[in-house]
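Each chain is listed here by its residues.
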Amino acid sequence: MPIEIPKDKWPGSVREITLGASATEGGTRTRKVTVGGEKTLPFMHFEGETPNRPVIALEIRDHRPDDWSPLLIETWKEVVDDPAEWAKAAEDSGVDLIQLTLSLTDPDGNPTTPDAAVKAVKAVLQASGLPLIVFGPGQAEVDNALLVPVAEATKGEKLVLGICEDKNYRTIVATAMANGHMVDARCPMDVNLSKQLNILISDMGLPPDRIIMDPTTGALGYGIEYGYSVMERLRMAALQGDTMTQFPMLVTPGFEAWKAKESKVGEGVPESWGDWLERAINWETLTAVALLESGADIIVLRHPESVKRVRAAIDELMAVPQVA
Amino acid sequence: MALSGIQIYKLLPQTNCKECGFPTCLAFAMKLAAKQVELSACPYVSDESKAKLAESAAPPIRLVTLKSNGYEVKAGNEVVLFRHEKTFYNKPGLFVRVDATSAVEEINALVAPADAYVTNYVGIDLKLDGFAVDASGSGGAVTPEKFAAAVSAVREVSHMPLVLISRDPAIVAAGLRAVDGEHPLIYAADAENWEAMAALAKQHQAALVVTAGTLDELAELTEKVKAKGVEDLVLDPSARDLSGSLILSTQIRRLALKKNFKALGYPLIAFPKTPAAAAQAIAKYAGFVVLDGFAPELAYPLLVLRQNIYTDPQKPIQVQPGLYEINNPSPSDPVLVTTNFSITYFSVANEVESSGLPAWLLVTDAEGMSVLTAWAAGKFDSERIAKAVKTFGVPEKTSRKQVVLPGHVAVLSGELEGELPGWEIRVGPREAVDIPKFMKQAL
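On a predicted model such as this, the values are computed, not experimentally measured, just so you know. (Residues numbered from 1 in each chain as written. Chains lettered and ligands numbered in written order. Predicted model: local features only at pLDDT ≥ 70, side-chain atom pairs only at ≥ 80, totals over all residues.)

**Describing the overall build of chain B**
- When helices and strands are tallied, chain B shows 17 helices and 17 strands.
- Each principal axis of the C-alpha distribution contributes one length, and for chain B these read about 80 × 70 × 35 Å.
- Considering only residue pairs separated by 6 or more positions, chain B has 66% of its internal contacts joining residues 24 or more positions apart. (Helix = DSSP H or I, 4+ residues; strand = E, 2+ residues; numbered from the N terminus. Contact = placed C-beta atoms within 7 Å.)

Dropping the structure here:
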């Protein structure tokens, strides 16, 4: 007698969301990215549809970052001095979209001005037709001061604006609504806080197909298990029909993994850590793969080799096996 | 899966004889279901019912233990599909594949460093678990003698548990004889060789991997092998790609846990070919993982991932309260205060470390809570901080007479000045990420 495989029957599904707007839609994007739409847990092709593959974004900066691992700077070389060139190089590395983080200060140490922020974003939009995610420096007031003019200057592009958190969501959501953009709703690794922020954002009137949920994560060794489990729980809640968790999830394993000493530093570390570059790539890749399998829809990375390996993993995971 | 009270009742004599101490068989069944009494309290239960009840009480995924001289690797006994539902218990054993066609010197050169490998993470020493001697290596056919020699070569430099890989019973038998008295794992019994492999496993008290192309065939084969008296089984559902192995591993785990399907209620073995596949095997249900080679730059992240995934979510790891030295501080370097919640500690320590500046990190006992949570719960107040300053010898080890509080608890600085007369209380940034800048500019 053949074995009957237990299948979960999920009443809900993740919302399908498209990033970026083409010329006919009021933007200038030559490529768009659609994420979400899952009707089952990650890659369980035998019981439900996963209509869209998870996508990879590459993180770039508005100018040369002064706190990045030398391994990253060596890889990207001089393009780190020019966001437009960096965006082109990112596109060449095979990513699906670009995530530009605006720095807190300019190369001279003065606060980044709204004009400079707009200029950097526009340069990236001109250099690459990929959809774009723009993050402020991550301080609520500064993010507001930079992201509002950016949103206005790029009206209709359907950018993802972040970081949209409990401290500044009103401003970010308002400008996203006024200018046809989306938001990256971030909460610190907590199912209920994520849900609450999504409710607050929805109550302001932002349509649900413009919300990306960012549950935050920790790198391998630095709290990944918390992010991993929060994502599994959020995805189950979504599939069980909780509409305020039915958003695609974005996570930033590149940022987290390259903050870790294991990736950042090559000297004065234990011998048992092995080769620096390969270890760093593993740190980023393993963090990303674990999060893919717990429900990530958008993975933001930093190193081109990690992009290659995570892309290969996504290819394999999206293949519907014969056995299923 | 445990039986319900009604299901148990049907297996009892239903005579209400009261000899068990309960008024009715149903009442006794209910107590049994709640695991509050032992079945032995019933003098009249049939042997058949006893067997059924014992089976229902057995763990849904059998615990399989490999042993060698002084070492043990356990897999199985898992009870959930998702770690947040309870926890994962037995960390998958990480084995390094050894090509049996290699020369003895090559085997020594591979095995010795992997055997000695140890790396420290959060104060815990992490190690690999054993070796998998593979007769299907690149160097052509292996004779039983060559295989036994390879096994002995591994044993010359390592005492860790072994997996013996060959589909040829004669080769496996030679390997088993070379490690007589141990409990290794044989890979593998298939539709062709299972009788001979089962006999070997039984004779040598080895665990046995069963492999087949479909779950139906796999279940059929485990039943046949079990009927021959081998119970310590491990499953290889044969898929090698990420998608296929994720799906099959999940289906097997679901069948075992949700359906109590005994024929697949065994731990899994995985043979990942990429770091991504190894990560998946660790997170998604493998009990034994055979790595193609040994490289510290992969072993370290995999060991850390395993540690993270198998952390009990109900007991978040805490760090030991104390005065930590970062970047070799001298007595005149600054003292930063934080709590002993693992993530808080690692975020702060990591940022201080990456600043490149020497500092002392005073980790207070906040019962494993983060700064804000602990403050709200009264576990991180001026009294506790002052106590930590004294307990951990801050006045003796440092000379600055200054402590830096996390920005989130700036409100404590007045009180803390009262607790530590003559000390300067500084307020640092709220988020760990801003610490390097603060240290460079303000300290």
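Next comes the rest of the account.
**Thoughts on the overall build of chain A**
- Of the regular secondary structure elements, chain A holds 11 helices and 10 strands.
- Looking at the 324 residues of chain A, the share that counts as buried comes to 53%.
- Restricting to contacts in chain A with at least 6 residues of sequence separation, those with at least 24 account for 68%. (Buried ≥ 20, exposed ≤ 12 C-beta atoms within 10 Å, placed from the backbone.)

**Quick word on the interface of chain A and chain B**
- Residue-level contacts link 44 residues of chain A with 48 residues of chain B.
- For the side of chain A that touches chain B, the elements supplying multiple residues, two or more each, are helix H7 (224-239), helix H9 (261-264), helix H10 (276-292) and helix H11 (304-318) of chain A.
- Its residues assigned to classes, the side of chain A that touches chain B shows 24 nonpolar, nine polar and 11 charged. (Nonpolar A, V, L, I, M, F, W, Y, C, P; charged D, E, K, R; others polar.)

**Quick look at helix H7 (residues 194-204) of chain B**
Residues and elements named next belong to chain B.
- Among all positions in H7, only Trp-194, Met-197, Ala-198, Leu-200, Ala-201 and His-204 are buried. Mapping the buried residues of H7 onto a view down its axis gives an arc of 160°, with all of them on the same face.
- Buried-residue contacts for H7 involve helix H6 (169-178), strand S8 (185-189), strand S9 (207-211) and helix H8 (215-227).
- A positive phi of about 50° marks Gln-205, the residue just after H7. (Arc of directions from axis to C-beta.)

**Notes on the nonpolar core**
- Counting residues in hydrophobic clusters, the biggest one holds 234 residues, and the most contacted among them are A:Ile98, A:Val183, B:Ile186 and B:Leu208.
- Per-element tally for this core: the top contributor is H10(A), with nine residues.
- Counting contributing residues, this core receives three or more from each of domain 2 (64-309) and domain 3 (322-442) of chain B.
- Beyond its immediate sequence surroundings of up to four residues, B:Leu208 is in contact with B:Ile186, B:Ala189, B:Met197, B:Ala198, B:Ala201, B:Val225, B:Val230, B:Asp232 and B:Leu233.
- One finds B:Ile8, B:Leu11, B:Phe28 and B:Leu32 within the second-largest nonpolar core, a separate group that totals nine residues. (Core = buried A, V, L, I, M, F, W, Y, C linked by C-beta atoms within 7 Å. Domains from an automatic or database assignment.)

**Here's the deal with the packing of H10(A) against helix H11 (residues 296-309) of chain B**
- Relative orientation of the contacting elements H10(A) and H11(B) amounts to 30°, with a least axis distance of 9 Å. Along this stretch, H10(A) crosses H11(B), giving a crossing that reads as right-handed. Of the residues in H11(B), those touching H10(A) at A:Glu278, A:Arg279, A:Asn282, A:Trp283, A:Leu286 and A:Ala290 are B:Glu297, B:Leu298, B:Tyr300, B:Pro301 and B:Leu305.
- Residues of the contact of H10(A) with H11(B), tallied by class, amount to seven nonpolar, one polar and three charged. (Axes fitted to C-alpha atoms, helices over the stretch in contact; angles between N-to-C directions. Left-handed = near helix turned anticlockwise from the far one by under 90°.)

**Here's the deal with the domain arrangement of chain B**
- Segmenting chain B into domains produces domain 1 (5-57), domain 2 (64-309) and domain 3 (322-442).
- A straight line from the C-alpha centre of domain 1 of chain B to that of domain 2 of chain B covers 39 Å.

**Looking at the sheet that holds strand S8 (residues 211-214) of chain A**
Residues and elements named next belong to chain A.
- On the basis of which strands lie adjacent, the open sheet formed by eight strands has the order S8-S7-S6-S5-S4-S3-S10-S9 and parallel pairing. Of all strands in the sheet, those bounded by a partner on one side alone are S8 and strand S9 (250-251).
- Bridging between strand S7 (residues 182-186) and S8 involves four bridges; their strand directions are parallel. Bridging across to S8, Asp-184 finds its partner in Ile-212.
- In the packing of helix H5 (residues 169-179) onto the sheet, contacts are made with strand S6 (160-164) and S7, and the angle to S6 comes to roughly 170°. (Pairing = 2+ DSSP bridges.)

**A look at the environment of A:His45**
Residue and element names in this part refer to chain A.
- Within the element layout of this structure, His-45 appears in the loop between strand S2 (33-35) and strand S3 (55-61).
- Look at His-45 and you get partly exposed, because 18 C-beta atoms sit within 10 Å.
- Along the sequence, His-45 and Ile-298 sit 253 residues apart, while their C-alpha atoms lie 19 Å from each other.

**Observations regarding helix H2 (residues 25-33) of chain B**
- If you check which residues of H2(B) are buried, you get B:Cys25, B:Phe28, B:Ala29 and B:Leu32. The arc enclosing the buried residues of H2(B), seen along the axis, measures out at 100°, which places them on a common side.

**Details of unusual backbone geometry**
- The omega angle of the peptide bond from A:Gly162 to A:Ile163 is 5°, so this bond is cis rather than trans.
- Here A:Ile163 lies in strand S6.
- A cis geometry characterises the amide bond from B:Tyr187 onward to B:Ala188, with omega recorded as 0°.
- The phi dihedral of A:Phe43 is positive, around 65°, even though this residue is not glycine.
- Relative to the assigned elements, A:Phe43 resides in the loop between S2 and S3.
- For A:Phe43, a count of 27 C-beta atoms within 10 Å puts it in the buried group.
- At A:Met189, a position not held by glycine, the phi torsion is positive, near 45°.

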